[in-house]
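Residues per chain, in single letters:
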Amino acid sequence: MSDNAETQEVSESQIAVHWREEEYFPPPPAFVQQANASDPAIFERFSEDKFPDCFTEYAELLTWDKPWDTVLDTSNAPFWRWFVGGKLNASYNCVDRHAAANPDKTAIIWVPELEDDETLYISYGELLRQVNEFAALLSDYAGLKRGDRVTLHMPMVPELAVTMLACARLGVVHSQVFGGFSGNACGTRIADSGSRVLITMDGYYRAGSMQDHKVKADEAVAEAARQGQHVDQVLIWRRREGEYQSQTPIVDGRDFFVDEVIGKYAGQEVTPVSLNATDSLFLMYTSGTTGRPKGAQHSIGGYLAYVTGTAKYYQDIHPDDVYWCLADIGWITGHSYIVYGPLSLGTTTVIYEGVPNYPDGGRPWRIAEKLGVNIFHTSPTSIRMLRKVGPEEPFKYHYHFKHMTTVGEPIEPEVWRWYYNFVGKSEAAIVDTWWQTETGGFLGSTLPGLQPMKPGSCGPGVLGVYPVIYDEDGNEVPKGSGRAGNICIRNPWPGIMQTVWGQPERFIDVYYRKYNRDPNSKDWHDWPYFCGDGAVQAEDGYFRILGRVDDVINVAGHRLGTKELESAALTVPEVAEAAAVPVIDDIRGRMVEMYVSLKPGYEASPEMEGKVVTAIETEIGKIARPKNVWIVPDMPKTRSGKIMRRVIASVSNFADVGDVTTLANPEVVEGIRQHVQRTKVAKGDAPRELSETELAEIQAFGDV
Ligand code: WTA
């Protein structure tokens, strides 16, 4: 299947969406009083007629070695170039300048998962020392230099931030792969990015037990080799200095413990390399509609300016705040709003190693109380989970949040209200931030001191970002019409990725082809950015995001491509065909269900189902573990042989399968339906009744 947005004839736009208008919540007065943005004149400064110069306000938050000549260069549209001619270093901006002004100020507070382990406070001065020493090691011991890519596969430890900042210091492009991804998934990303060095950790705690993580490095190196990329060095940070937490042997000449090597670089200083604003800071891989993951390539100047500006105004970060984002640094949220944005602003950022409900649902609130956290940031999945395990827990602890964020998935209004009333104790401003790996920073949100909140809606476009909803034919769907469509951004912004690493044609095809007015145009007005999300816009201009319109399943805020899941299932030799569909889940938003058919001569069995689960965990990671694997005699197909995912998605969700008479094999549907739904009912696993928007998503899933 092609990854061309043009082929995605998903018809969210034809679906009339009805929902109850929610009431506004005004920002709490105490919040407004101290907010970074409390003067409505800011909207004037970012009005469309000031574009693109309005974004110099964000760039001016940074320290530049040389100022830019051109704010936005569109000459090679849609490969936008921001702050052209400018020179800077991200590591300098996130570390050195604060270390110089305030060396003892805490930069990072690290909370290990085991409650008896000591919380670590790292000052800006200390962070600078660590970043310098590791940068020296990277350049001398690992031989890395400006422009090289390096893959990181690390858990939630401060060494991950140190590693990223050390790369940034040298102009080495880091590509951090989410620690929960499998060795094979990491290997694929090593190969795609052309990394010859892998940086990892021996182990980490998760849900109370030490995970062997180094074992994945061996798998990753082997997988990368299969794909033609040789890794000659694996640098291993150790979770506990001097102890090795993994069972796997150390490969002589390839594997090195950082703590054994770093001594050689004690006290060394590495001058931050003065880099072009348009050089690249990092790659962040994400899923698309084909199996090959997309490396979203982010710039230094535009990206850092954008995350710094949005962290200041939308997260309301002041230097003396204690800010805690519970996301994983292995996702874009962690890059932008745990590491780069907060540190660039010189605040204190909290990194927590483990799962939020370990050892119980009160853990986040104990951490918040102990550390004096006043800004909190998490996902709807964590909020749902914490509500389930301890709805009253927040009131047992004496913390006070002035501000809270939700990110990653649509949040149901009832869940939002629990977040507001219980977690926020009715005294915090909430922002529901809608954005993507590709966009670097927020696209849709309320400005917390100036715009009221509305549960379930992210709000309008953020400062300087102008969203629009188009129908399939490119007609604008007016606000207040009650109709949904494809949300796009009319203009470029500094946080937008530069390209898809090594696949520039895919960058154009996926994000710009669909609504481009003239492929030769150098005028940004002709290049609306296609987000891949369905949305509706209310009369007040607020957007409600409905979810993906492509073949992506959003599990607990993490994007999984159906093609990746299906390719993983197909690595099981007995499997003939595979299809992945979403099921609505009350905690995780969506979960994956797999349908597979077997080659002739093989029988369905629990062992066979287990093989499919194992294959998915091996190829992608535990996060993608399917809720069920259904082995069916045949898949419902069109006459041209395409598997009808919307039919099986409807079966899994107990939705009406619609008209199946045009299929090549309509007779198989009823058998599958009875088997799947009876089994689910027997297991007590029948879903609640779906809302109209959920139904629309399921019944159009994979529609091409
Ligand atoms: C979804 C995460 C509703 C959306 C930052 C988007 C959201 C995808 C929200 C990107 C939100 C993200 N409300 N949906 N506030 N935030 N999404 O790349 O479908 O991991 O396209 O970036 O998550 O996921 P990604």
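On a predicted model such as this, the values are computed, not experimentally measured, just so you know. (Residues numbered from 1 in each chain as written. Predicted model: local features only at pLDDT ≥ 70, side-chain atom pairs only at ≥ 80, totals over all residues. Heavy atoms only, no water.)

A separate point is the nonpolar core. Formed by 122 residues in total, the largest nonpolar core has its most connected members in F55, F83, L127, F134, I199, L235 and Y340. Dropping the residues within four chain positions of it, F55 is found in contact with F46, W82, F83, Y306, L463, G464, W493 and P494. (Core = buried A, V, L, I, M, F, W, Y, C linked by side-chain atoms within 4.5 Å. Buried < 20%, exposed > 50% of the residue type's maximum accessible area, 1.4 Å probe, protein only. Contact = heavy atoms within 4.5 Å.)

Here we come to the site of the ligand. As a matter of local geometry, the ligand sits amid 18 residues, with D432, T433, T437, D533 and R559 nearest to it. At a separation of 3.0 Å, an oxygen atom of the ligand approaches a polar side-chain atom of Q436. A total of 530 Å² of accessible area belongs to the ligand in isolation, and the protein chains cover 96% of it. Of all the secondary-structure elements, those providing two or more residues to the shell around the ligand are helix 11 (332-344), strand 20 (429-433) and strand 25 (543-548). (Near = heavy atom within 4 Å. Polar contact = N/O pair within 3.5 Å; in protein donor to acceptor, adjacent residues only side chain to side chain. Areas by Shrake-Rupley, 256 points an atom, 1.4 Å probe, with all protein chains shown as cover. Helix = DSSP H or I, 4+ residues; strand = E, 2+ residues; numbered from the N terminus.)

A word on the sheet that holds strand 17 (residues 348-352). Taken in spatial order, the seven strands make up an open sheet running 5-4-17-16-18-19-20, and their pairing is mixed. Looking along the sheet, the strands with just one partner apiece sit at the ends: strand 5 (120-123) and strand 20. Each neighbouring strand pair of the sheet contributes to a mean axis angle of 20°, computed without reference to strand direction. Pairing between strand 18 (residues 375-378) and strand 19 (residues 403-407): four bridges, direction parallel. (Pairing = 2+ DSSP bridges. Axes fitted to C-alpha atoms, helices over the stretch in contact; angles between N-to-C directions.)

Bringing unusual backbone geometry into the picture now. Omega for the bond connecting A77 with P78 falls within 30 degrees of zero, at 0°, which places this linkage in the cis form. Here P78 lies in the loop between strand 1 (70-73) and strand 2 (81-84). Cis geometry is found at the peptide bond from Y358 to P359, where omega equals -5°. If you trace the backbone, P359 turns up in the loop between strand 17 and helix 12 (363-371). Of note, the phi angle at F83 is positive, near 55°, even though the residue is not glycine. Looking at the secondary structure, you find F83 in strand 2. The class of F83 is buried, set by a relative accessible area of 0%. The phi angle at A556 is positive, at roughly 50°, despite the residue not being glycine. Examined against the element boundaries, A556 turns out to sit in the loop between strand 26 (552-555) and strand 27 (558-561).

Right, let's talk about the sheet that holds strand 23 (residues 499-500) for a bit. Spatially, 12-11-8-6-7-14-15-23 is the arrangement adopted by the eight strands of the open sheet, whose pairing is mixed. The open sheet has two free edges, formed respectively by strand 12 (255-257) and strand 23, since each of these has just one partner strand. Across four bridges, strand 6 (residues 149-153) lies against strand 7 (residues 173-176) in parallel orientation. Bridged to V150 within strand 7 is H174. Packed onto the sheet, helix 10 (residues 301-313) meets strand 14 (280-286) and strand 15 (294-299) and runs at close to 80° relative to strand 15.

So, on to the packing of helix 4 (residues 90-101) against helix 5 (residues 124-140). Put simply, helix 4 and helix 5 touch, their axes get as near as 8 Å, and they point 130° apart. Taken together, helix 4 and helix 5 sit at an angle that is classed as oblique. You can see that helix 4 and helix 5 cross each other, and the crossing is left-handed. Judged by residue contacts, S91, C94, V95, D96, H98 and A99 of helix 4 engage Y124, G125, L127, L128 and V131 from helix 5. Here the contact of helix 4 with helix 5 is built from residues that sort into seven nonpolar, three polar and one charged. (Parallel < 35°, antiparallel > 145°, perpendicular 65-115°, else oblique. Left-handed = near helix turned anticlockwise from the far one by under 90°. Nonpolar A, V, L, I, M, F, W, Y, C, P; charged D, E, K, R; others polar.)

Counted by the stated rule, this structure contains 53 salt bridges. In this structure, R129 engages E133 in a salt bridge whose closest nitrogen and oxygen atoms are separated by 3.0 Å. Taken together, the positions of R129 and E133, both in helix 5 and four residues apart, correspond to about one turn of that helix. Classification of E133 as buried rests on a relative accessible area of 8%. For the salt bridge of R548 with D550, the shortest nitrogen-to-oxygen distance reads 2.6 Å. Residues joined by salt bridges that share partners form a network here, namely E115, D360, R363 and R366. (Salt bridge = Lys/Arg side-chain N within 4 Å of Asp/Glu carboxyl O.)

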